[in-house]
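So you can see what is in the structure, the chains are spelled out below.
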Amino acid sequence: GSILREIEQVAGMPDFKGYVSDLGGPSANMYRMGGEDLLLCRKCKRPSCVYPAICSNLNYDHGPLIDLYIKSGRIRGVKKIFVASGVRYDLCLSHTGNEKKYHTMEYIEKLVKDHVSGRLKVAPEHTSESVLKLMRKPSYNLFVKFKSLFKKISEKAGLKQQIIPYFISSHPGSDIEDMAELASITSGEGFKLEQVQDFTPVPMTLSSVIYYTGIDPYTGEKVYSAKNKKERDNQRIFFFWHIKENRFEIKKILKKIGRADIERKLFS
């Protein structure tokens, strides 16, 4: 109710042009999600509701969000509702047999057809399985599947739309070879990356604990982190392999780590 009232208020402003730029949050599609049985949640010791698999007690029904999109679009003066926040595609492609119950495929269809302003942001974060495991993020293969669905639905609807992936360098566990692989994989899929970031430790996150201690607190295993400027620059440059000025430095790094195969793929 409060969301609809806010949209009504915005739609009533004299300079409103009819477009809501983002109906979302830190994650675009986690609206009203929570435990089915909250008593189980209070006893639960899992560090994540969605990793390594979606908890059987998690209600990740996308139906209420679809309903919210529809009601928002009916508000007087609103021409279009866009979603600019990052989408958790793992919640839509869970492979648990609950696609109908939780309206996940219905959500993807509606999102892609009606609520993309031309570019949809998602965050696969990395291509390395070992790095993604530390992030508690799903396999990169799930992003590939979502990208394929996005393209198929867009083309069927006659829409020229792009999917914009977000990636991060120098995350704990990521080494120079992981970044070279990332460049190789994403270039092979036609991406020239725009939405990128070099890891910055912030308080109250598992990644920062691993960065500062050099240890995964859940396994006790040592984890490498790029810390000095040269190490971090060497990782970040692989985002921009397609920039001519970076070519010499990237080739030098690839030669040093013995990955002539990636050099051929990037620059042949």
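Treat the numbers as computed from the prediction; the structure is a model and nothing was measured.

Conventions used here
Residues numbered from 1 in each chain as written. Predicted model: local features only at pLDDT ≥ 70, side-chain atom pairs only at ≥ 80, totals over all residues. Heavy atoms only, no water. Helix = DSSP H or I, 4+ residues; strand = E, 2+ residues; numbered from the N terminus. Buried < 20%, exposed > 50% of the residue type's maximum accessible area, 1.4 Å probe, protein only. Contact = heavy atoms within 4.5 Å. Pairing = 2+ DSSP bridges. Right-handed = clockwise from strand over helix to strand, strands pointing away. 1 Å grid on protein atoms, 1.4 Å probe; cavity = no way out; pocket = protein on both sides within 12 Å on 5 of 7 lines; lining within 4 Å. Points joined across faces, edges and corners; volume = space filled by probe spheres on them. Nonpolar A, V, L, I, M, F, W, Y, C, P; charged D, E, K, R; others polar.

**Quick look at the environment of L132**
Right, so step 1: By the secondary structure assignment, L132 is in helix α5 (residues 129–135).
Right, so step 2: Among the residues examined, L132 registers a relative accessible area of 1% and is labelled buried.
Right, so step 3: Residues L132 and E177 lie 45 residues apart in sequence; the distance between their C-alpha atoms is 15 Å.
Right, so step 4: Setting aside anything within four residues of it in sequence, one finds L132 in contact with P124, E125, H126, T127, K137, P138, S139 and Y140.

**Topic: the pairing of strand β7 (residues 195–198)**
Right, so step 1: Of the two faces of β7, only one is covered, namely that formed by V196 and D198; the face formed by Q195 and Q197 stays uncovered.
Right, so step 2: Where strand β6 (residues 162–169) lies against β7, four bridges are found, and the strand directions are parallel. When the sheet's bridge partners are listed, S169 is paired in β7 with D198.
Right, so step 3: Handedness of the crossover joining β6 and β7 through helix α7 (residues 176–188) is recorded here as right-handed.

**Some words on the layout of surface pockets**
Right, so step 1: In this model, the largest pocket occupies a volume close to 610 Å³.
Right, so step 2: Lining the largest pocket we find 26 residues, and of these E125, M135, K137, H171 and S207 sit closest to its centre.
Right, so step 3: At the level of elements, β5 (119–125), α5, β6 and α8 (206–213) are the ones that each hand at least two residues to the lining of the largest pocket.
Right, so step 4: Ranked by residues supplied to the lining of the largest pocket, first place goes to α8 with three residues.
Right, so step 5: Within the lining of the largest pocket, the residues separate by chemical class into 13 nonpolar, nine polar and four charged.

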